[in-house]
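Observations on the model geometry
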Amino acid sequence: MKKRLLLIPVTAIAVIAGIWTQKPVTAKAADDFVIVLDPGHDATHVGARGYGLKEEELNMKIALSCKAELEKYDGVKVYLTHPTIDCGLPGSSTRECLYSRPDYAKSVGASLYVSLHNNAGMDTSGHEVYYPNANYIPEFNVEGAALAQCISDKLSDIGINDRGIHTRDSNGDEVDETNWYNDGSRADYYAVIRGSKKNGFIGLIVEHAYISNANDASLLGDDNMLALMGQADAHGIAEYYGFAKKNGIIYSNDRWGMYNDGELQSDYNGLSSNNNGWWKITNGYVDFDYTGIVYDENNGWWYVKDGAVQFGYNGLKYNENGWWKITNGYVDFEYTGVAYGEESGWWYVKDGAVQFGYNGIKSNENGWWMITDGYVDFGYTGLLYDEESGSWYYIEDGKVRFDYTGLVKHNDSLYYVDKGLMNMNYSGEYKSDGHTYVITNGYVTQVKHSWDDGVTVTEATCTDNGIIRYTCKSCDETREEVIKAKGHEYSWVVAKPATTSEEGLEEYKCLVCGDVKETRKLEKLQAEGDKKTDNNNVSDKNITDKDVADKDIANKNITDKISSDNKASADNKQIDRSTKDDVISSVNNQ
């Protein structure tokens, strides 16, 4: 379930946005103050013994406590000359080991060297701090004395007897580096103080108590007291140098972490800030690997990239709960509308969340849009019904066309759209593209075309209908009409003229297509000697070969006329059979 807690005031957000122009710092801070702690002695070069205690072990516990406490301060880097009880320079003599320790401190850029010990040899009690003498580098003496006093005061505060702060000069007469500095002045007695001075930084020795004293030994046998001794050393150093405890997001030990009074907040997960911006914290450390939307109980939901809150981001981003509208880096739960994400496109958002299940019409400052499964469907053009408004909208490339009035095709039908909305109340005629559309209740019921004169696709015959096709002058729409069959036009036609030697043949024939319905014979013609006295007969002797030829020509003329009439209209094709008979009779009488 989403949490929606926002406690950052508007002014704070403005300040945050202002500092966001700074880039995160990921390199080591340039002003780290490097302190090298030297746990005196080691398992090879052992220290004093007393009351069952071993000095090198006590020194290591004090050093570890001092290091942990110093690391709570901002800008402080702490090293140990040897991190365990083992010797850091195996096989070395005591002298070699002592001389190597200030040299190691120089190698890590030390600003201060502190050797931690416990004393023995006298039946006395208390702590002592040794600092550089006034020779060679006089300022180390002044600074060292003040620092030594701060440490001494802190040890006194935890109940350890104060035996003062001291310098100690070498006492040998030999002309060597153990007795004299390069300027001829008397050297410091202790090798680590002398070596530190030569390497350019202050060196101190802190003797915390006397292992040979029963009272001090009882203190040294208590690990809690050893921890307090280390902390007292650290507090004295911090007081002298003015160190401040780490608070907020601090770079330490090669990592950016969130601190409170010097302690890493390892159980903290959320958002926190420093001068470089607001950051995603995971188990106390800035999580530079994190990119996404993160919730902070004090600050709400924010978009984070590479560990940093992106106050300049506006768009859509994802977390395990869904996709969200981001405004100036913050999840904008007040936003409802159509929003753009540079990685994901345009989506419908309600109360800050992308609505993947939504289908309908929604708006933003750029217009009204068709939403399909939450996404603006730029591929859609057509009519869409919106349940919320109860209206049909005309969409073109995903956008409602409120500037459009005209006809729109939907499911193979045409509808009338008035200013982007289907007008179901409109009935009338609408002219467009050379057509007149008849509209009834918003729906086109008839299209009036402007037809051409038509083209005969199939000619009509005596028995079969023909087809004529008309095309609209304004579009490619066509319509076809039937040309009715013409029907036969029969008439008797001489197919074979009769002669004196052979019968003739007459056919009852269609003058259009030539179909023969029936036939009948023509009697032979009488020869001249066989003529009857009937005045209606013609003497055979009057029929010559020329007469037969003339009759053939007459029949041919009739046949040609039939063929010619097949190509003319039916009204012009009728031939009176009596006319043809008259022609034949005329020929016979020639």
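Residues numbered from 1 in each chain as written. Predicted model: local features only at pLDDT ≥ 70, side-chain atom pairs only at ≥ 80, totals over all residues. Heavy atoms only, no water.

1. With respect to the overall build of the chain
The following threshold applies: Strands are runs of DSSP state E lasting at least 2 residues, helices are runs of H or I lasting at least 4, and numbering of each runs from the N terminus. In this description, contact between two residues means that some pair of their heavy atoms is separated by no more than 4.5 Å. Here the Shrake-Rupley method, with its probe set to 1.4 Å, supplies the accessible areas, and only the displayed protein chains count as covering residues.
Regarding its fold elements, the chain presents nine helices and 41 strands. If you take every contact in the chain between residues at least 6 apart in sequence, the share linking residues at least 24 apart comes to 53%. Looking at the chain as shown, the accessible area adds up to about 30,500 Å², and 47% of this sits on carbon and sulfur atoms.

2. Observations concerning the side chain of Asn364
Rules: Polar contacts, as counted here, are pairs of nitrogen or oxygen atoms within 3.5 Å of one another; within protein the pair requires one atom able to donate a hydrogen and one able to accept it, and residues that are adjacent in sequence qualify only if both atoms are side-chain atoms.
Looking at the secondary structure, you find Asn364 in strand E24 (residues 360-364). Only 3.0 Å separates the side chain of Asn364 from the side chain of Trp369, close enough to count as a polar contact. Excluding residues within four positions of it along the chain, Asn364 makes contact with Val338, Trp346 and Trp369.

3. Comments concerning the packing of helix H2 (residues 55-70) against helix H7 (residues 223-241)
Two measures define how a pair of helices packs: the angle their axes make with one another and the distance between the axes. Formally: Think of each axis as a best-fit line through the C-alpha atoms, taken over the contacting stretch in the case of a helix, with angles from 0 to 180 degrees between the N-to-C directions. Should an angle fall under 35 degrees it is called roughly parallel, over 145 degrees roughly antiparallel, and 65 to 115 degrees roughly perpendicular, with every other angle called oblique. Crossing handedness is read from the near helix: turned anticlockwise from the far helix by less than a right angle, it gives a left-handed crossing, and turned clockwise, a right-handed one. Each residue receives one of three labels: charged for Asp, Glu, Lys and Arg, nonpolar for Ala, Val, Leu, Ile, Met, Phe, Trp, Tyr, Cys and Pro, and polar for the others, Gly being one of them.
Closest axis-to-axis distance for the H2/H7 pair is 7 Å, and the angle between their directions is 50°. Accordingly, the angle class assigned to the pair H2 and H7 is oblique. For the element pair H2 and H7, the recorded crossing hand is right-handed. In contact with Leu58, Lys61, Ile62, Ser65, Cys66, Glu69 and Leu70 of H2, H7 contributes Asp223, Leu226, Ala227, Met229, Gly230, Gln231, Asp233, Ala234, His235 and Ile237. Of the residues assigned to the contact of H2 with H7, the class counts are nine nonpolar, four polar and four charged.

4. Points about the packing of aromatic side chains
Convention followed: Aromatic pairs are defined between Phe, Tyr and Trp rings, using the six-membered ring for Trp, whenever the two ring centres lie within 6.5 Å; interplanar angles under 30 degrees are classed as stacked, those over 60 as edge-to-face, and all others as tilted. Geometrically, a lysine NZ or arginine CZ counts as sitting over a ring once it is within 6 Å of the ring centre and also within 35 degrees of the ring normal.
Applying the stated criterion across every chain yields a total of 29 aromatic pairs. Taken together through their ring pairs, the aromatic side chains of Phe33, Tyr73, Tyr240, Tyr241 and Phe243 make up a single cluster. Across from the ring centre of Tyr259, 4.7 Å away, lies the NZ or CZ of Lys246, which sits over that ring. The ring of Tyr290 has Lys280 sitting right over it, with the charged end atom 5.1 Å from the ring centre.

5. Focus on a nonpolar patch on the surface
What counts here: To count toward a patch, a residue needs a relative accessible area above 30% and no salt bridge. Like charges then connect within 9 Å, nonpolar side chains (Val, Leu, Ile, Met, Phe, Trp, Tyr) within 5 Å. Salt bridge, as used here, is a side-chain nitrogen of Lys or Arg placed within 4 Å of a carboxyl oxygen of Asp or Glu.
On the surface, a nonpolar cluster with roughly 250 Å² of combined accessible area is contributed by Trp368, Phe402 and Leu421. Take Leu421: it is sitting in strand E32 (residues 421-422).

6. Some remarks on the sheet that holds strand E36 (residues 455-458)
This is how it is decided: Should DSSP find at least two bridges between two strands, the strands are regarded as paired.
One open sheet holds the three strands; their spatial order is E36-E37-E38, and the pairing between them is antiparallel. Each edge of the sheet is formed by a strand with only one pairing partner; in this case those strands are E36 and strand E38 (478-483). Between one strand and the next, the sheet's axes are offset by a mean angle of 30°, whatever the strand orientation. Pairing of E36 with strand E37 (residues 466-471) involves three bridges; the strand directions are antiparallel. Bridging across to E37, Thr456 finds its partner in Ile468.

7. Quick look at the environment of Ala209
With respect to the helices and strands, the residue Ala209 is situated in strand E8 (residues 202-210). Between the C-alpha atom of Ala209 and that of Ile160, which follows or precedes it by 49 residues, the distance is 7.5 Å. In this structure, Ala209 is in contact with Asn118, Asn119, Gly126, Asp216 and Leu220, ignoring residues within four places of it in sequence.

8. Describing unusual backbone geometry
Positive phi values are uncommon outside glycine, yet His41 reaches one of about 70°. Looking at where His41 falls in the secondary structure, it is placed in the loop between strand E1 (33-39) and strand E2 (49-50).

9. Focus: the nonpolar core
Defined as follows: Among buried residues, those of type Ala, Val, Leu, Ile, Met, Phe, Trp, Tyr and Cys that are joined through side-chain atoms within 4.5 Å constitute a nonpolar core. Between buried and exposed lies partly exposed: a residue is buried under 20% and exposed over 50% of the maximum accessible area for its type, with that area taken using a 1.4 Å probe on protein chains only.
In terms of nonpolar packing, the biggest core is built from 42 residues, with Ile35, Leu70 and Ile237 touching the most fellow members. The dominant element in this core, judged by the number of residues it contributes, is H7, at seven residues. The next biggest cluster of nonpolar side chains, apart from the first, holds 18 residues, and it includes Leu271, Ile293, Tyr313 and Phe333.

10. Quick notes on the confidence of the model for the chain
As a reminder of what qualifies: Values of pLDDT, which run from 0 to 100, indicate the predictor's confidence residue by residue.
Averaged over all residues, the pLDDT of the chain is 86; the fraction at 70 or higher stands at 84%. Confidence drops under a pLDDT of 50 for residues 1-30, and excluding neighbours within four residues, the segment shows 53 contacts in the predicted structure.

11. Details of helix H3 (residues 94-107)
Residues three or four positions apart in an α-helix share a direction because the helix packs 3.6 residues into each turn. Filter applied, for reference: Given the number of residues in a helix, its expected span is that number minus one, multiplied by 1.5 Å.
Counted at 1.5 Å a residue, the expected span for H3 with its 14 residues is 20 Å, and the 20 Å between its end C-alpha atoms agrees. Turning to H3, its buried residues are Cys97, Arg101, Pro102 and Ala105. Gly109 sits one or two positions beyond H3 and adopts a positive phi of about 80°.

12. Here's the deal with the pattern of salt bridges
Pairs may arise between side chains of opposite charge once their charged atoms sit close together. Scanning the entire structure with this criterion turns up 23 salt bridges. Linking Glu343 and Lys317 is a salt bridge whose minimum nitrogen-to-oxygen distance equals 2.8 Å. Of this pair, Glu343 sits in the loop between strand E21 (337-341) and strand E22 (345-350) while Lys317 sits in strand E18 (residues 315-319); the two residues are 26 residues apart in sequence, bridging distant segments of the chain. Classification of Glu343 as exposed rests on a relative accessible area of 58%. Residue Arg520 is joined to Glu506 by a salt bridge in which the shortest nitrogen-to-oxygen separation is 2.6 Å. Of this pair, Arg520 sits in strand E41 (residues 516-522) while Glu506 is found in strand E40 (residues 504-510), placing the two residues 14 residues apart along the sequence. Under the relative-accessibility criterion, Glu506 is labelled buried at 3%. Residues joined by salt bridges that share partners form a network here, namely Glu69, Lys72, Lys245, Asp261 and Glu263.

13. Quick look at H7
With 19 residues, H7 should reach 27 Å at 1.5 Å per residue; the first-to-last C-alpha distance of 27 Å fits that figure. For H7, the set of buried residues is Met225, Leu226, Met229, Gly230, Ala232, Asp233, Ala234, Gly236, Ile237 and Ala238. Next to the buried residues of H7 lie E1, H2, strand E5 (112-119), helix H4 (138-157), E8 and helix H6 (214-220).

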